[in-house]
Every structure is written in C-alpha cells, then in structure tokens.
Amino acid sequence: MVLPGRARHYSSWMKTTIIIGIAVIGSLGISYLGVAKESIIMLFLLGVIFSTIVTSSSMWGIIASVISMMVMNFLFTEPRFTFVIYDSGDLILLLFFLITAVVSGTITSRLQQQIELAEKNERTTQVLYRIASGFIAISGESDIINRARYFVQSYTGLESEVIIYDEMNYQENAIGVNKDFPIKGSEGILGKIRIAGHDSIEDSQTEIIIQSIATQLGIALEGERLYLEREQIKVAMEKERLRANLLRSVSHDLRTPLTALSGAGNLLAENFEQLDDKEKKQLATDISEEIGWLTNLVENILNMTRINNDQLILKKEDEVVDDVISEAVSRTKTILRDRDFQVALPTDVISVPMDGKLIVQVIVNLLENAVRHTPKESSIALEVELDDGYVEFIVSDTGEGVDRSIKNSIFDRFVTLDKGITDGKRGIGLGLSICKAIVEAHGGKIYTEENKPTGSRFIFTLPAKEEER
C-alpha cells in the first residue's frame, strides 16, 4: 500500500519530469530554427514556474530550476553534450538563470499559497456565517443540540457528542476522544462538545469551525433558557392575575347573597310573628334563590379547578334530552320567574351520549347568563333541534345582545362587561368559559350570534352518536 506522503512525492516528481520534458522538446525545436539560447532560457524559466504551480511547492520549483540549468548546460553550451563550461559568459548566464528560476518559483509558490489561504479563509467565513444564522430560527434545547452535532458532521466530517453539565441523567458513550471544546455562557461553562476519534482534527480551520459551533451553541442554549425563564415568569404573573381576579370576584359575589341571606334570616327570626304568609313566602323564595345561586357559583369554581388541573373526567351515558332540559329548568325556575320563558323540544325522544350532570351545568350557566343580561318581563327561550348528526341546544333572549367589545373573547375566563359592579348583574366571568370547556370535551362546539331583531342566541352542539375510535 502506497502511503499518502509517498504518493504525493511520486505525483510531484512525475509532473515536474513531464514539464521539463516538454521544455526540452520545445527548446530543441526552437533551437533548430536558429533561436538564440538567451530566448531558450525563457522557455525553461516558464517550465520552472509551471512546475511550482502544478506541485504547489517551492521545493519542486528549485529542483526543476537545477535540472533545467543542467539540461541547458548539456544541450546548449559549448562543448555541447557535456557538463563542461568553457565560456565564462555561459557560466554567468546559467547562474543568473538558476537564481531567477529559484526566485520566480519561490515567489510563485508563496503567491499560490496566499491565494489558497485566502480562498480557504473565505470558505471558512461562509461556513461560520451559515453556522451563526443556522441557530437563529431554532428553539428547544434538544433541537439546538442536534443542530450543533449536524453542523459538526456537515462542515468537518467528524462525529461528536454534546455534553450539558446540568443533565443529571447523562451517560457518556465510549468513544475515542481527540479534544473537548467548552460551551461557554455568560455565567460560566454550560458543557462541552466532544469530538470522536484520535487525531481527527487536521488543521486550524477545522478547529476554528468547531469552536465557532461551540460558541453559537452556548449563545443559543443561554437564549433558550432565558426565554423559558421569561415564559415561566409570564405564566406565574398570569396565574397570579387570574387568582387575584378570582378572589376579588368571588369575594364580591359571595358577599352579596350572604348579605341577603343574613338579612332575610334575621328578618324571619326577629319578626316571624308579625310577618304575614305572603311576606314569609317571599323571604323564603329569596333565600332559596340566593342559595341556588351560591350552589351554582361553587359548582362553577369546582369545575374550573378540574379543568385547570386536567381532571375534568366525562362520565358519558345515553341521556334523554327531555330529562336533561327538565333538570336544568328546575334548577333555574326561581331566577326565571320574572321572565317570559319558553321551552321548545323535538316531538321525538332524543337520546344523546353525554355527561348529563355537566351538560345540565352548561344549560344552567347559559340561562343564568340570559337572566343576568336581560331586563324583567323580557323573553327567554330554550330550544333543542336535531341537525345533521348533531343536537343543537339554543338559549335565546331579547336583551341588548353581546357587546362588541367582548364579542371575540366572550368565552374566555373572567370576561364581563365592565359597567360597574352592581348587585343586579353578578358574575365572575367563569360560566361561559366553563361551558366552552365542557362542550368541547364532548366533541361539540359553542358560539353566539344575534337574535334578530334584538338580543342574542347562545348555541352549543353535541354529537348525536358516540364517535367511533
């Protein structure tokens, strides 16, 4: 097997021999035409320069210079075909040729090396630019690490592994180690890039590329960690804001019915004998209404807690729609007593796979929402329709309709129309968001539209049959 170094020497020797051979043949040709040996020297000088270029080595240019001088002495100086020189002019001419050839070959070799170095630096700069830009649009620590390993493989042909110091479950693979490149962050060393294989880094350019990858990797990892920290802070701030809103809203909404309950209870206790039956019945009705509202508030808060903790578990059974509507209406009859309330159900009995308790809660929330946003003596309707494999539940009213400022966010949490806090329009903005979560968990959808000529319609749909999996 021929070693790479010996192969290169053999190739350079062959190239130099061929070029000098061409120069000899050319010189003999032009000598036959009567051209002076001063001009023949230029032909050999060109041969020396070409030898330097094709071998990329000044050493072979010097060798070509010496061989060319000896060939000229042998072929073109008197006595010809010997290495003896009688004429001092020929000796000086050959010495000048040798000096000129060596200098020209050396300058040509250095110029060629500078050109090659400039081209190599240009390629390295382009690679470094691609590496820097390649980390910009990528996120996720594992993806960033994989991108770094990909760059090492693509631009150096080397195998590598990335070791992050805070990965407690990391296990090093048994690979040959050439050199570790530290991954630096603003607060210290984040890890290192380990190159596989001994003596695999052949030049400084490869080392520069790997070090650049390590640097960009450190910047990307630190940026990703800062981004995650900011997101965690934002999430914590949002949770704190929601918690504060919930506590503020719950405290207000609890205070109002508790005050009413306390007042009605005290009035009954202190003036029971003086009150007539009508007044006692009204107080009992008020107490019942407030207790029902408190019960629904607590139910909504519990459901939202389950939704936030991903613990909303559906217990689906085939429920008759008429029974579900009847349960929801019975739970809201006290708040609906001052409204013109109508119910329209299909003539056929419809059975739908659902969690009956949760769907009742959805209907109760929608009816309470309608009562809360409509004046007394207004009309509220609850309709059920079967449409293309889905059952539609429609709660419509003749109030003022949904305000444009909250129309696109009406099913978000804590969304209420800000017209001041009054006892007449209580609500913490959870009811509709809970409706959305429950309906979507059933595979349905919920939306709102105008109820012409006035008011709004809240519609949610449920699949009439259980979807096949």
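Here is what the cut-offs are and how they apply
- Residues numbered from 1 in each chain as written.
- Predicted model: local features only at pLDDT ≥ 70, side-chain atom pairs only at ≥ 80, totals over all residues.
- Heavy atoms only, no water.
- Helix = DSSP H or I, 4+ residues; strand = E, 2+ residues; numbered from the N terminus.
- Buried < 20%, exposed > 50% of the residue type's maximum accessible area, 1.4 Å probe, protein only.
- Contact = heavy atoms within 4.5 Å.
- Areas by Shrake-Rupley, 256 points an atom, 1.4 Å probe, with all protein chains shown as cover.
- Expected span 1.5 Å × (residues − 1).
- Arc of directions from axis to C-beta.
- Core = buried A, V, L, I, M, F, W, Y, C linked by side-chain atoms within 4.5 Å.
- Salt bridge = Lys/Arg side-chain N within 4 Å of Asp/Glu carboxyl O.
- Axes fitted to C-alpha atoms, helices over the stretch in contact; angles between N-to-C directions.
- Left-handed = near helix turned anticlockwise from the far one by under 90°.
- Nonpolar A, V, L, I, M, F, W, Y, C, P; charged D, E, K, R; others polar.
- Pairing = 2+ DSSP bridges.
- pLDDT = per-residue confidence, 0-100.
- Phe/Tyr/Trp six-rings, centres within 6.5 Å; stacked < 30°, edge-to-face > 60°.
- Parallel < 35°, antiparallel > 145°, perpendicular 65-115°, else oblique.

A few words on the overall build of the chain. Helix and strand counts for the chain come out as 10 helices and 10 strands. Looking at the chain as a whole, 38% of its 469 residues qualify as buried. When contacts within the chain are restricted to residue pairs at least 6 apart in sequence, long-range pairs at least 24 apart make up 66% of them. Carbon together with sulfur atoms contributes 56% to the accessible area of the chain, which is approximately 27900 Å² in total.

Looking now at helix α8 (residues 321–332). Taking 1.5 Å of rise per residue, 12 residues should cover 16 Å, and α8 covers 17 Å from first to last C-alpha, within 8% of that figure. Those residues of α8 lying buried are Val-321, Val-324, Ile-325, Ala-328 and Thr-332. Buried residues along α8 cover an arc of 95° about the axis, so they all sit on one side. Tucked into the core, α8 has its buried residues touching β4 (317–320), β5 (340–344), β6 (351–354), α9 (356–372), β7 (379–387) and β8 (390–397).

Soluble globular proteins: nonpolar side chains tend toward being buried together. Counting residues in each nonpolar core, the largest one holds 38 residues, and the members touching the most others are Ile-359, Ile-363, Leu-366, Phe-393 and Phe-460. Listed by contribution, the elements that provide at least two residues to this core are α8, β6, α9, β7, β8, α10 (431–441) and β10 (456–463). At 10 residues, the largest contribution of residues to this core is made by α9. For Ile-359, the residues in contact, after removing those within four places along its chain, are Val-324, Met-354, Ile-438, His-442, Phe-460 and Leu-462. Counting residues in hydrophobic clusters, the runner-up holds 24 residues, among them Leu-158, Ile-164, Phe-181 and Leu-190.

With that settled, the discussion passes to helix α3 (residues 58–76). Look at α3: 26 Å from first C-alpha to last across 19 residues, which is about the 27 Å you get at 1.5 Å a residue. Turning to α3, its buried residues are Trp-60, Gly-61, Ala-64, Ser-65, Ser-68, Met-69, Val-71, Met-72, Asn-73, Leu-75 and Phe-76.

This next bit is on the pattern of salt bridges. Counting across every chain of the model gives five salt bridges. A salt bridge links Arg-194 to Asp-180, with the nearest nitrogen and oxygen atoms 3.0 Å apart. Separated by 14 residues along the polypeptide, Arg-194 in strand β3 (residues 188–196) and Asp-180 in strand β2 (residues 177–185) bring together distant segments of the chain. Residue Arg-194 is classed as buried on the basis of its relative accessible area of 10%. Residue Glu-449 is joined to Arg-457 by a salt bridge in which the shortest nitrogen-to-oxygen separation is 2.9 Å. Counted as one network, the salt bridges with shared partners bring together Asp-180, Lys-192 and Arg-194.

This part takes up the packing of α9 against α10. Between α9 and α10, the least distance of the axes is 9 Å, while the angle of their chain directions is 150°. The element α9 and its partner α10 pack so that their crossing is left-handed. Residue-level inspection shows Leu-358, Ile-359, Val-362, Asn-365, Leu-366 and Asn-369 of α9 in contact with α10, the latter providing Gly-431, Leu-432, Ile-434, Cys-435, Ile-438 and Val-439. Per-class residue counts for the contact of α9 with α10 are nine nonpolar, three polar and no charged.

Before going further, it helps to examine the pairing of β10. Judged by how many residues are buried, β10 sits mostly within the fold: eight of eight residues are covered. Side chains Ser-456, Phe-458, Phe-460 and Leu-462 of β10 all project onto a buried face; the interleaved residues Arg-457, Ile-459, Thr-461 and Pro-463 project onto the opposite face, where all are buried too. Bridge count between β8 and β10: seven bridges; the pairing is antiparallel. Paired with Tyr-390 across the bridge in β10 is Pro-463. Sheet topology places strand β9 (residues 445–450) next to β10; six bridges connect them, and they run antiparallel. When the sheet's bridge partners are listed, Glu-449 is paired in β10 with Arg-457.

Before going further, it helps to spend a moment on the confidence of the model for the chain. For the chain, mean pLDDT is 79; residues scoring 70 or higher make up 85% of the total. Per-element mean pLDDT across the chain ranges from 74 in helix α7 (residues 277–308) up to 93 in β8. Taken together, the stretch residues 168–176 has pLDDT below 50 and engages in 13 contacts with residues farther than four places along the chain or on a different chain. For the stretch residues 417–428, pLDDT sits under 50, and the model shows 26 contacts to residues farther than four places along the chain or on other chains.

Below, the discussion takes up the sheet that holds β7. Across the sheet, five strands lie side by side as β5-β7-β8-β10-β9; this open sheet has mixed pairing. A single partner strand is all that each edge strand has here, and the edge strands are β5 and β9. Each adjacent strand pair in this sheet contributes to an overall mean axis angle of 15°, direction not counted. Along the sheet, α8 makes contact with β5, β7 and β8, crossing β7 at roughly 165°. The strands touched by α9 are β5, β7, β8, β9 and β10; relative to β10, the strand with the most contacts, the crossing angle is about 175°.

Here Asn-369 is to be found in helix α9. Every residue in contact with Asn-369, bar those within four places of it in the chain, is listed here: Leu-432 and Phe-458.

What the rule picks out here adds up to five aromatic pairs. Aromatic side chains Phe-411 and Phe-458 sit 6.2 Å apart centroid to centroid with 80° between the ring planes, which places their arrangement in the edge-to-face category. Taken together, the residues Phe-411 in the loop between β8 and α10 and Phe-458 in strand β10 connect sequence positions 47 residues apart. Taken together, the aromatic side chains of Phe-135, Tyr-150, Phe-151 and Tyr-155 make up a single cluster linked through ring pairs.

As a further point, take the packing of helix α2 (residues 37–55) against α3. Packing of α2 against α3 leaves a shortest axis separation of 8 Å and a crossing angle of 155°. Overall, the two elements α2 and α3 adopt an arrangement that is roughly antiparallel. Helix-helix and strand crossings are classified by hand; for α2 and α3 the assignment is right-handed. Residues Lys-37, Ile-40, Ile-41, Phe-44, Val-48, Ser-51, Thr-52 and Thr-55 of α2 touch α3, and the partners they reach there are Ser-58, Trp-60, Gly-61, Ala-64, Ser-65, Ser-68, Val-71, Met-72 and Phe-76.

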